[in-house]
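# Structural features, examined
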Amino acid sequence: AVTLDHIRTLAEQSAGGIDRIFLHWTAGHYGQFFEDYHINIDYDGTIVITTNDLTEQKAHTWHQNGGAVGIALACAYQATTSCLGPEPPTIEQLNSMARVVRTLCDGLGIPVDYDHVRTHAEQADIDGYGPSQNCERWDGWFWIDGDTPGEGGEKIRSMARAA
């Protein structure tokens, strides 16, 4: 497992080269991590990194990977836009994601706001393939079944600001 101190060190080393963070889920199983994301977070909040250089370009957000860090929750297997499936995001994952976002933003010297921290759903909407269009990518549109669709980004940003 990786500590927040290590994440902060990586962020400080990348300051000036990173100005955006994108929040995802993998649509896979708990414990299943992907190299497409700089940081993966397991069901129990454990942090796993796939690089020691946050400026390394990873394939997490269509046409938005330069100068951006991708964070993914290992979850949402068989999720649909009406049910997050048998392996939904856990509270531990959401709390860990909020702490990681806060740590990254502090280390990078960027604010925790919509211009710098977005869910994949929010960015996909801007780029024309999100929930407002065809829902090709909607991760983070909501994090917990019963939450209002579209409020996932502000939920994590608010949690991160309070972390």
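Figured I'd write up the structure that's included with this text. Remember, it's a predicted structure, so these values are computed and weren't measured experimentally. (Residues numbered from 1 in each chain as written. Predicted model: local features only at pLDDT ≥ 70, side-chain atom pairs only at ≥ 80, totals over all residues. Heavy atoms only, no water.)

### Observations regarding helix α4 (residues 152-162)
Burial in α4 covers these residues: G152, G153, I156, R157 and A160. Down the axis of α4, the sector holding all buried residues measures 130°, keeping them to one side. Structurally, α4 contributes buried residues whose contacts are with β1 (20-25), α2 (91-108), β5 (117-119) and α3 (120-127). (Buried < 20%, exposed > 50% of the residue type's maximum accessible area, 1.4 Å probe, protein only. Helix = DSSP H or I, 4+ residues; strand = E, 2+ residues; numbered from the N terminus. Arc of directions from axis to C-beta. Contact = heavy atoms within 4.5 Å.)

### With respect to the environment of D145
Mapped onto the elements, D145 comes out in the loop between α3 and α4. A C-alpha to C-alpha distance of 23 Å links D145 and R161, two positions 16 residues apart in sequence. Contact partners of D145, with chain neighbours within four places excluded, come to S82, C83 and L84.

### As for the environment of R8
One can find R8 in helix α1 (residues 4-14). Look past the residues within four positions of R8 in its chain and what remains in contact with it is T103, D106 and G107.

### Observations concerning the sheet that holds strand β4 (residues 68-73)
Read across the open sheet, the 5 strands follow the order β3-β2-β4-β1-β5; overall the sheet is mixed. Two strands close off the open sheet at either side, each with one partner strand: β3 (47-49) and β5. Pairs of neighbouring strands in the sheet enclose a mean axial angle of 25°, with direction left out of account. Both strand β2 (residues 39-41) and β3 contribute to a ladder of 3 bridges, which runs antiparallel. Bridged to I41 within β3 is I47. (Pairing = 2+ DSSP bridges. Axes fitted to C-alpha atoms, helices over the stretch in contact; angles between N-to-C directions.)

### Brief notes about the packing of α2 against α4
Relative to each other, α2 and α4 sit at 65°, their axes nearing to 8 Å. In terms of axis orientation, α2 runs roughly perpendicular to α4. Crossing angle aside, the handedness with which α2 passes α4 is right-handed. For the pair α2 and α4, contact is made by L94, N95, M97, A98, V101 and R102 and by I156, M159, A160, R161 and A162, respectively. The residue makeup of the contact of α2 with α4, split by class, is 8 nonpolar, 1 polar and 2 charged. (Parallel < 35°, antiparallel > 145°, perpendicular 65-115°, else oblique. Left-handed = near helix turned anticlockwise from the far one by under 90°. Nonpolar A, V, L, I, M, F, W, Y, C, P; charged D, E, K, R; others polar.)

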